[in-house]
Number of protein chains: 2
Amino acid sequence: MGTIIEDARDGWIPHHLIAAAEREGLDPEALIQNIANGSAIVMAGEKRAVGIGRGFSAKVNVNIGTSTVRSDLATEVAKAAVAERYGADTLTDLSMGGDIREIRAAILSETELPLTTVPIYQAVVDCGGIDCLDADMIIDTLRRQAAEGVSSFVLHMTDKKTLEALRRSQRVLGVVSKGGSMTAGYMLHTGCKNPFLEYFDEVMEIARKHEIVISLGNTMRGGSIVDGGDAAAAVERKQNIDIADCCHEHGVQVIVEGCGGHVRIDRIPLCVRLYKDAAPYPLFVAGPLATDRAVGHDEIAGAIGASVAVSAGADYLCAITPAEHIGLPTEEEVRQGLIAFKIAAHIGDTVRFGSDEADATLSSCRAELDWKGQIEAAIDPDGLSARVPDAGPCSMCGDYCAIKIMREYLSRSD
Amino acid sequence: MGTIIEDARDGWIPHHLIAAAEREGLDPEALIQNIANGSAIVMAGEKRAVGIGRGFSAKVNVNIGTSTVRSDLATEVAKAAVAERYGADTLTDLSMGGDIREIRAAILSETELPLTTVPIYQAVVDCGGIDCLDADMIIDTLRRQAAEGVSSFVLHMTDKKTLEALRRSQRVLGVVSKGGSMTAGYMLHTGCKNPFLEYFDEVMEIARKHEIVISLGNTMRGGSIVDGGDAAAAVERKQNIDIADCCHEHGVQVIVEGCGGHVRIDRIPLCVRLYKDAAPYPLFVAGPLATDRAVGHDEIAGAIGASVAVSAGADYLCAITPAEHIGLPTEEEVRQGLIAFKIAAHIGDTVRFGSDEADATLSSCRAELDWKGQIEAAIDPDGLSARVPDAGPCSMCGDYCAIKIMREYLSRSD
């Protein structure tokens with residue numbers, strides 16, 4: 001049996017993927033072509049298929065999961081439910097504390113969203129630390145997670161060349177990718193090759209069997225705007241594109257993480273274009289945060305960077321919450337981060353698609369003081385419906401609504 | 001006695017303005033030159049002078065004030081205090097409800113920030129509606145407000161040409177500037193000229209006497225991203241630049257409002273450059289909101305647009321709160337809007353000044369898990385200090401801090 005890519009190369013794709021395209025008004029023939037050439041992927045969970053990449057609106061992922069110091073299953077399931085309710089497209093479970101399998105199973109049973117993991121997290125926990133990791137154990141974790149219903153794996157392809165470039169760099173914050181640092185830690189401790197490269201054929205076999213989307217991790221993203229976009233990042237970009245080509249040739253859907261972390265706002269478009277001009281695969285961006293100084297409000301710094309990134313061509317965003325750099329987010333912080341990133345994704349899409357229609361719809365309702373219509377057209381209808389007046393102008397303008405005044409006096413003088 | 005501009009033309013400025021420059025590490029000689037050529041202004045209240053424009057960091061204004069349907073003096077004073085505490089540079093009192101003079105006096109006595117008004121608001125209230133306005137009354141309002149300690153007036157210079165351009169436009173939302181619609185309403189109702197143009201000499205005399213900064217209003221800003229940047233906006237931009245030239249020639253400090261309202265993200269840089277390439281005067285931007293669909297979260301849509309606007313050269317931002325388009329903001333919403341815009345101003349300044357130093361300072365502290373240093377370097381130290389751990393890594397990474405892991409394994413393998 002072929003994979004989705006192989007089906008697409010043969011000119012067809014399964015019906016549920018066609019539905020994902022039609023939901024967004026995308027021509028199924030175009031989707032088949034985009035999947036075949038790697039510029040779009042469909043991440044399919046048991047219950048929902050989400051299209052990412054060329055032709056699709058920008059998508060937003062929400063990270064949830066426990067840590068070694070804070071771990072409660074019910075809290076993480078509640079975050080997953082909030083993310084789904086407020087319009088997340090995908091979830092990533094980063095749990096490292098508690099019963100990781102049980103948490104993942106609960107999330108999969110409680111939501112419809114496709115679920116991503118960073119398998120080395122669980123491998124580190126299961127074997128009791130980075131120093132105890134072995135490659136068999138890591139690959140076995142992929143195999144088990146795939147069988148349990150995970151839709152996508154983040155794998156960090158760090159190799160000796162990227163680590164050498166990192167050693168030569170003058171970074172303030174070094175590496176801020178947890179999965180990347182664990183993968184590199186294993187390599188440095190054992191002297192072994194990157195486990196996902198050493199056992200690449202096994203990884204491909206697992207991905208093909210379970211139609212897992214491979215997400216190539218961004219170990220060399222900058223943790224500070226002064227660190228982003230250095231030689232280490234450039235070496236990793238080239239490396240990830242080469243590996244993405246291999247995944248695609250193996251009939252495995254692939255996305256590449258890049259331009260994430262912290263990037264100065266004026267450097268974001270170049271960073272995105274350097275990738276997009278070199279590779280067809282969807283670009284997955286964490287943030288980027290356009291300043292290091294917004295700590296406590298990083299959903300805003302992230303939404304600013306993400307708007308610019310999507311405008312320049314990024315396809316898929318990882319939402320940042322106000323708790324970033326401080327601690328695990330609460331349910332409410334997950335909601336805040338998600339909404340900020342949904343705003344960013346939409347702003348970027350107005351540029352990617354050159355379309356203002358959805359905005360014009362809302363504004364037409366605003367012109368008529370049609371609050372119900374505004375709620376329907378808003379990015380966060382729930383939040384808005386709790387706030388708006390029943391009818392008439394808002395309490396800011398009261399009797400002096402500019403729109404009404406101007407219309408009245410212009411018509412009087414006609 | 002000369003005005004600040006006339007002093008600057010003579011090669012000096014008063015001592016308290018020098019202090020405003022030195023606070024930001026700006027060479028006083030450069031400030032004198034920038035004031036003389038109009039590219040910078042200093043807005044001076046009784047207690048504080050704030051520099052805006054070339055050489056200065058981007059500044060953030062906070063709007064407060066009652067409306068005809070919601071009016072409480074204590075609430076507005078509390079908003080002013082919150083704005084000052086969280087780092088607003090200037091305040092604008094837009095009160096139209098309650099005892100406007102008393103509210104303004106209370107704000108002036110409770111905060112140190114320079115205060116701006118839109119005098120036609122009070123004129124409309126004092127004479128009982130737009131239809132009862134007369135030009136003497138409007139100009140007299142300027143005179144009285146100036147004597148009471150206001151530092152800057154927003155005046156809408158709408159004339160027949162801009163109104164003609166508006167009539168020919170196909171806007172979804174027409175005019176969304178309250179002061180602009182009142183000024184136009186008066187003109188259309190009476191058939192008189194724009195009152196600030198008809199009595200321009202009196203306006204200049206008042207401004208000179210009290211060193212009022214004239215802020216030329218942006219009546220033709222778009223209320224929707226599909227409305228922004230049309231012919232009406234272009235006619236107004238040209239008109240405002242011509243009038244700014246006249247103010248400057250009269251020795252009156254002037255700033256121009258433009259590119260505000262709702263503007264699609266990819267059009268913001270062009271909008272800013274069209275103005276900045278044509279005129280030296282500081283550009284004051286309300287928002288701009290990069291989407292109409294973020295209603296309920298417009299501080300985020302506004303911060304996104306504002307970051308791009310400041311990066312392109314805007315000098316001064318008017319913060320947008322989450323209550324925009326819904327109602328008068330609460331104290332907490334004022335704080336949220338302000339912080340979002342302080343983040344935007346800083347992000348833009350990293351581009352305007354090509355400097356990452358403040359960000360690198362925070363990130364150096366982050367690398368050392370120095371929370372106290374991070375708080376000091378953060379844009380919102382208060383908010384951050386309430387959230388951070390006493391010491392050690394945050395609860396997100398717990399035992400698996402990427403920075404620590406990577407350092408440890410790199411050093412082990414040295």
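As the structure is a prediction and not an experimental result, all values here were calculated from the model.

Residues and elements named next belong to chain A. When cut into domains, chain A gives domain 1 (53–352) and domain 2 (357–413). Relative placement of domain 1 and domain 2: their C-alpha centres are 39 Å apart. Contact residues are listed per partner, giving 8 residues for domain 1 and 5 residues for domain 2. Remark: the boundary between domain 1 and domain 2 carries 1 salt bridge. Across the pair Asp382 and Arg85 runs a salt bridge, and its minimum N-O distance is 2.4 Å.

The next point concerns the pairing of strand E7 (residues 213–216) of chain A. Residues and elements named next belong to chain A. Residues Val213 and Ser215 of E7 are buried on one face, and the alternating residues Ile214 and Leu216, pointing to the opposite face, are buried as well. Bridge analysis of strand E6 (residues 152–155) against E7 gives 4 bridges, and the strand direction is parallel. Among the inter-strand pairings, Ser152 is bridged to a residue of E7, identified as Val213. By the bridge criterion, 3 bridges tie E7 to strand E8 (residues 254–257) in an arrangement that is parallel. If you follow Ser215 over to E8, its bridge partner there is Ile255. Between E7 and its parallel partner E8, the chain crosses via helix H12 (residues 231–249), and the hand of that crossover is right-handed.

Here we come to the packing of helix H8 (residues 160–168) of chain B against helix H9 (residues 178–190) of chain B. All names here are of chain B. Look at H8 against H9: their axes get within 11 Å of each other, and the N-to-C directions meet at 100°. In terms of axis orientation, H8 runs roughly perpendicular to H9. Contacts between H8 and H9 pair Lys160, Leu163 and Arg167 from the former with Ala184, Met187 and Leu188 from the latter. Here the contact of H8 with H9 is built from residues that sort into 4 nonpolar, no polar and 2 charged.

Now for the interface of chain A and chain B. Across the contact, 101 residues belong to chain A and 101 residues belong to chain B. At the boundary of chain A with chain B, total buried surface from both sides reaches about 8,500 Å², with 65% on carbon and sulfur atoms. For chain A, the biggest contributors to the area lost against chain B are Arg293(A), Met396(A) and Tyr400(A); these three give 10% of the whole. Linking chain A with chain B are 6 salt bridges, by the criterion used here. Across the pair Glu333(B) and Arg387(A) runs a salt bridge, and its minimum N-O distance is 2.7 Å. The interface formed by chain A and chain B holds 36 residue pairs in polar contact (both at pLDDT 80 or more) in total.

A few words on the environment of Leu328(B). Residue placement: Leu328(B) occurs in the loop between strand E10 (316–318) and helix H15 (331–352). Looking at Leu328(B), the relative accessible area reads 9%, which means it is buried. Separated by 261 residues in sequence, Leu328(B) and Ser67(B) have C-alpha atoms that sit 7.7 Å apart. Among residues more than four places away in sequence, those in contact with Leu328(B) are Ser395(A), Met396(A), Gly65(B), Thr66(B), Ser67(B), Arg70(B), Glu76(B), Ala323(B) and Glu333(B).

Next up on the list: the pairing of strand E3 (residues 59–64) of chain B. Residues and elements named next belong to chain B. The buried count for E3 comes to 5 of 6 residues, which makes it a mostly enclosed element. By the bridge criterion, 3 bridges tie E3 to E10 in an arrangement that is parallel. Across the sheet, Asn61 pairs through a bridge with Cys318, a residue of E10. As defined by bridge partners, E3 adjoins strand E4 (residues 90–93) across 4 bridges and the pair is classed as parallel. In the strand pairing of E4, Asn61 is matched with Thr90. Following the backbone out of E3, through helix H4 (residues 73–85) and into the adjacent parallel E4, one traces a crossover that is right-handed.

Here we come to the nonpolar core. Residues Ile214(A) and Ile214(B) are the most contacted members of the largest nonpolar core, which totals 212 residues. The element best represented in this core is helix H15 (residues 331–352) of chain A, accounting for 10 residues.

A separate point is the confidence of the model for chain A. When pLDDT is averaged along chain A, the result is 95; 100% of the residues meet or exceed 70. In the predicted assembly, ipTM is 0.96 and pTM is 0.97.

Residues and elements named next belong to chain A. Using the criterion set out here, one finds 2 aromatic pairs over all chains in the structure. Summarising the aromatic geometry, the rings of Phe284 and Tyr316 are spaced 4.0 Å apart at their centres and angled 20° between planes, so their arrangement reads as stacked. Pair noted here: Phe284 is in strand E9 (residues 283–286) and Tyr316 is in strand E10 (residues 316–318), with a separation of 32 residues, a long-range link. When the ring centre of Tyr86 is taken as reference, the NZ or CZ atom of Arg335 above it lies at 5.3 Å.

A few words now on the sheet that holds E10(B). Either a parallel or an antiparallel arrangement is found when strands of a sheet pair, and the pairing is made through backbone hydrogen bonds. All names here are of chain B. Ordered in space as E3-E4-E5-E6-E7-E8-E9-E10, the 8 strands form a closed barrel in which the pairing is parallel. Neighbour-to-neighbour, the strand axes of this sheet turn through a mean angle of 25°, independent of strand direction. Across 2 bridges, strand E5 (residues 115–117) lies against strand E6 (residues 152–155) in parallel orientation. Along E6, the bridge assignment pairs Thr116 with Ser152.

Cut-offs and rules
- Residues numbered from 1 in each chain as written.
- Chains lettered and ligands numbered in written order.
- Predicted model: local features only at pLDDT ≥ 70, side-chain atom pairs only at ≥ 80, totals over all residues.
- Heavy atoms only, no water.
- Domains from an automatic or database assignment.
- Contact = heavy atoms within 4.5 Å.
- Salt bridge = Lys/Arg side-chain N within 4 Å of Asp/Glu carboxyl O.
- Buried < 20%, exposed > 50% of the residue type's maximum accessible area, 1.4 Å probe, protein only.
- Helix = DSSP H or I, 4+ residues; strand = E, 2+ residues; numbered from the N terminus.
- Pairing = 2+ DSSP bridges.
- Right-handed = clockwise from strand over helix to strand, strands pointing away.
- Axes fitted to C-alpha atoms, helices over the stretch in contact; angles between N-to-C directions.
- Parallel < 35°, antiparallel > 145°, perpendicular 65-115°, else oblique.
- Nonpolar A, V, L, I, M, F, W, Y, C, P; charged D, E, K, R; others polar.
- Buried area = accessible area lost by both parts, 1.4 Å probe.
- Polar contact = N/O pair within 3.5 Å; in protein donor to acceptor, adjacent residues only side chain to side chain.
- Core = buried A, V, L, I, M, F, W, Y, C linked by side-chain atoms within 4.5 Å.
- pLDDT = per-residue confidence, 0-100.
- Phe/Tyr/Trp six-rings, centres within 6.5 Å; stacked < 30°, edge-to-face > 60°.
- Lys NZ or Arg CZ within 6 Å of the ring centre and 35° of its normal.

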